[in-house]
Amino acid sequence: MVTGEVDRVFQDLRQGRPRALSRAISWIENEAPAASALLEKIYAQAPYPWVIGITGVGGAGKSSLVPHIARQLADGGSRVAILAVDPSSPLTGGALLGDRIRDYGGEQHKRVYFRSVATRGGQGGLATCVADLVRVAAAAGFDVVLVETVGAGQSELGILHVAHSVVLVHAPGLGDDVQAQKAGVMEIADVLVVNKADRPGSEDVVDSLQQALLLSERKAHMTEGVNVLEHGCIHWHPPVMSTNALTGTGVSAVCDRLHEHLALLQSQGLFDSLNRMHDLHRMQIYFKDVVQRRLQSRIESMALLTRLEAELANGSTDPLGAARALADAVLPPNELDPISITSADCLATPLTSNREITP
Ligand SMILES: Nc1nc2c(ncn2[C@@H]2O[C@H](COP(=O)(O)OP(=O)(O)OP(=O)(O)O)[C@@H](O)[C@H]2O)c(=O)[nH]1
Ligand SMILES: [Mg+2]
């Protein structure tokens, strides 16, 4: 890839040219060779924007709410980039073209950029690709990035590795409130939104979420938002808010709460520590990715692989034994290595909540 082209896109990006932003996003999305050269420049110079994750089950009204939230924040003076994450579909190859760049037009929305992005389901999935896109948006002068993800278990949790503030959207009639509590998804939310306030049953969803939050935290005396506890700990108790995305009612209160959450993160030094945690997480993902690719290419050039495949087929070895033999061949074990590999080694690292704050 021509270095000049990367330089040009970077310069245009820094001047806030939307076409450069769209181009840069496509490079990263498609893992184009120019992407890593561009990202190197961006990492060296671009700040960390405030990333707000908007997640929740399908149909709750995330996409309807996001433009209202963006407009509200942009009216307050922010430049807001919206990244709507579509899971890659084998049929469409990800986001549908017509939906990729939405024109917000109008005087007051000039500071809002929308782009839907496809995750390729690679090693890092949502976390790495979107985290890169977030920095690209920051390089183009956006100080707030809204990331909308489809609520589907892992992607909801992945948002924790990218966002500083997480909004979890519920709605009446989806039967998801009990399910969400069970799945522990509520644990990741900083602001809970019950959308479709115009629909019957929305008050009940608010009540049940408030109850579930108090039960899950065993802190019945908590008030919504910032709580200073006796031992000096500062605790953020997620507020439960009602919205109507058809009219925009309730959105400004949601944005106030989000600003309150950001102020708390900044005042406690947590904004910076979250950035460091997110970067650390990505370093680990990238490290695994690079190592795995290198080892894979070495393994593929070995006669041992063909032999093990044959042995697996005739039953003279088992998958674990074969994996160990391959690992020993490319990475001879030493005394510091764990004694044995088991299938438990493949379990994902547990995620931690970011809500308990000690100054
Ligand atoms: N009555 C009512 N309908 C709403 C409201 N917000 C959204 N809807 C409708 O609910 C449907 C789903 O809204 P979306 O914004 O697409 O929901 P989503 O959470 O983005 O859904 P996915 O992208 O599929 O995960 C649409 O038909 C919206 O018009 C609301 O506040 N009240
Ligand atoms: Mg949507």
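Quantities reported herein were computed from a predicted structural model and do not represent experimental measurements. (Residues numbered from 1 in each chain as written. Chains lettered and ligands numbered in written order. Predicted model: local features only at pLDDT ≥ 70, side-chain atom pairs only at ≥ 80, totals over all residues. Heavy atoms only, no water.)

Around ligand 1 lies a shell of 16 residues, among which Gly-59, Lys-62, Ser-64, Asp-198 and Ala-245 are the nearest. Residue Lys-62 places a side-chain N or O atom 2.8 Å away from an oxygen atom belonging to ligand 1. Alone, ligand 1 offers 640 Å² of accessible surface; in the complex the protein occludes 69% of this. With 3 residues, helix H4 (residues 62-75) is the single largest residue contributor to the shell around ligand 1. (Near = heavy atom within 4 Å. Polar contact = N/O pair within 3.5 Å; in protein donor to acceptor, adjacent residues only side chain to side chain. Areas by Shrake-Rupley, 256 points an atom, 1.4 Å probe, with all protein chains shown as cover. Helix = DSSP H or I, 4+ residues; strand = E, 2+ residues; numbered from the N terminus.)

A word on the packing of aromatic side chains. Two measures describe an aromatic ring pair: the distance that separates the ring centres and the angle between the ring planes. A complete count under the given rule lists 1 aromatic pair for this structure. Relative to Phe-142, the ring of Tyr-113 has its centre 6.0 Å away and its plane inclined at 45°; by these criteria the two rings are tilted. Placement of the pair is Tyr-113 in strand E3 (residues 112-119) and Phe-142 in the loop between helix H5 (125-139) and strand E4 (144-149), with a sequence separation of 29 residues. You'll find Tyr-113 and Phe-142 in the same group, each marked buried. Its end group placed over the ring of Phe-142, Arg-79 keeps NZ or CZ at 4.3 Å from the ring centre. Seen from the ring of Tyr-48, Arg-135 lies directly overhead, with NZ or CZ sitting 4.0 Å from the centre. (Phe/Tyr/Trp six-rings, centres within 6.5 Å; stacked < 30°, edge-to-face > 60°. Buried < 20%, exposed > 50% of the residue type's maximum accessible area, 1.4 Å probe, protein only. Lys NZ or Arg CZ within 6 Å of the ring centre and 35° of its normal.)

Turning next to the packing of helix H11 (residues 303-314) against helix H12 (residues 319-330). For the pair H11 and H12, interaxial distance at closest approach is 10 Å and the crossing angle is 170°. The pairing of H11 with H12 is recorded here as roughly antiparallel in orientation. Where H11 abuts H12, its residues Leu-304, Leu-305, Leu-308 and Leu-312 lie against Pro-319, Ala-322, Ala-325, Leu-326 and Ala-329. Across the contact of H11 with H12, the residue classes tally to 9 nonpolar, no polar and no charged. (Axes fitted to C-alpha atoms, helices over the stretch in contact; angles between N-to-C directions. Parallel < 35°, antiparallel > 145°, perpendicular 65-115°, else oblique. Contact = heavy atoms within 4.5 Å. Nonpolar A, V, L, I, M, F, W, Y, C, P; charged D, E, K, R; others polar.)

Counting across every chain of the model gives 1 cavity of 30 Å³ or more. Quantified by volume, the largest cavity comes out at close to 110 Å³. If you trace the largest cavity, you find 13 residues lining it, with Tyr-48, Ala-131, Val-134, Val-162 and His-278 closest to the centre. Mapped onto the lining of the largest cavity, the elements with two or more residues apiece are H5 and helix H10 (270-300). At 4 residues, the largest contribution of residues to the lining of the largest cavity is made by H10. (1 Å grid on protein atoms, 1.4 Å probe; cavity = no way out; pocket = protein on both sides within 12 Å on 5 of 7 lines; lining within 4 Å. Points joined across faces, edges and corners; volume = space filled by probe spheres on them.)

Further remarks concern the pattern of salt bridges. If the charged atoms of two oppositely charged side chains come close together, the side chains can form a pair. In this structure the tally under the stated criterion is 9 salt bridges. With a closest N to O distance of 2.9 Å, Arg-307 and Glu-311 form a salt bridge. Of this pair, Arg-307 and Glu-311 both sit in helix H11, separated by 4 residues, roughly a single helical turn. Arg-307 sits in the partly exposed class, given a relative accessible area of 48%. (Salt bridge = Lys/Arg side-chain N within 4 Å of Asp/Glu carboxyl O.)

Turning to H11, a few remarks are in order. Taking 1.5 Å per residue, 12 residues should reach 16 Å; H11 reaches 17 Å between its end C-alpha atoms and fits that length. Regarding H11, the residues found buried are Leu-304, Leu-305 and Leu-308. Each buried residue of H11 sits inside an arc of 100° when the element is viewed along its axis, so together they form one side. Exposed residues on H11 whose side chains face more than 90 degrees from its buried face are Ala-303, Thr-306, Ala-313 and Asn-314. Contacts from the buried residues of H11 go to H10 and H12. One or two steps after H11, the chain reaches Gly-315, where phi turns positive at roughly 80°. (Expected span 1.5 Å × (residues − 1). Arc of directions from axis to C-beta.)

With that settled, the discussion passes to the coordination of the magnesium ion (ligand 2). Reference values for angles at a metal are 109.5 degrees in the four-donor tetrahedral case and 90 or 180 degrees in the six-donor octahedral case. Bound to the magnesium ion (ligand 2) on the protein side are Ser-63 (OG) and Glu-148 (OE), at distances that span 2.0 to 2.5 Å. Linking Ser-63 in helix H4 with Glu-148 in strand E4, this pair joins segments that are 85 residues apart in sequence. Residue classification places Ser-63 among the partly exposed residues on the basis of a relative accessible area of 39%. (Donors = N, O, S within 2.8 Å, 3.2 Å for Na, K, Ca; no water.)

This part covers the pairing of strand E7 (residues 225-228). As judged from the 4 bridges shared by E7 and strand E8 (residues 234-237), these two strands associate in the antiparallel manner. The partner of Val-228 across the bridge, within E8, is Ile-234. Where E7 folds back onto E8 in an antiparallel hairpin, the turn is made up of 5 residues, including Gly-232, whose phi is positive at roughly 90°. (Pairing = 2+ DSSP bridges.)

The residue Leu-192 is located in strand E6 (residues 191-194) in this model. Separated by 49 residues in sequence, Leu-192 and Met-241 have C-alpha atoms that sit 6.2 Å apart. Excluding its chain neighbours within four sequence positions, the residues that come into contact with Leu-192 are Leu-168, His-170, Met-186, Leu-209, Leu-213, Pro-238, Pro-239, Val-240 and Met-241.

Glancing now at unusual backbone geometry. At Glu-31, a residue that is not glycine, the phi angle is positive and equals roughly 50°. Its place among the elements puts Glu-31 in the loop between helix H2 (18-29) and helix H3 (33-45). Phi angles above zero are rare outside glycine, and Lys-196 is one such case at about 65°. In this fold, Lys-196 is placed in the loop between E6 and helix H8 (202-217).

Attention now goes to the packing of helix H9 (residues 251-267) against H10. Here H9 crosses H10 at 85°, and the two axes come no closer than 5 Å. Put simply, H9 runs roughly perpendicular to H10. Along the contact surface, H9 presents Leu-262, Leu-265 and Gln-266, while H10 presents Leu-270, Phe-271 and Leu-274. Residue classes in the contact of H9 with H10 are distributed as 5 nonpolar, 1 polar and no charged.

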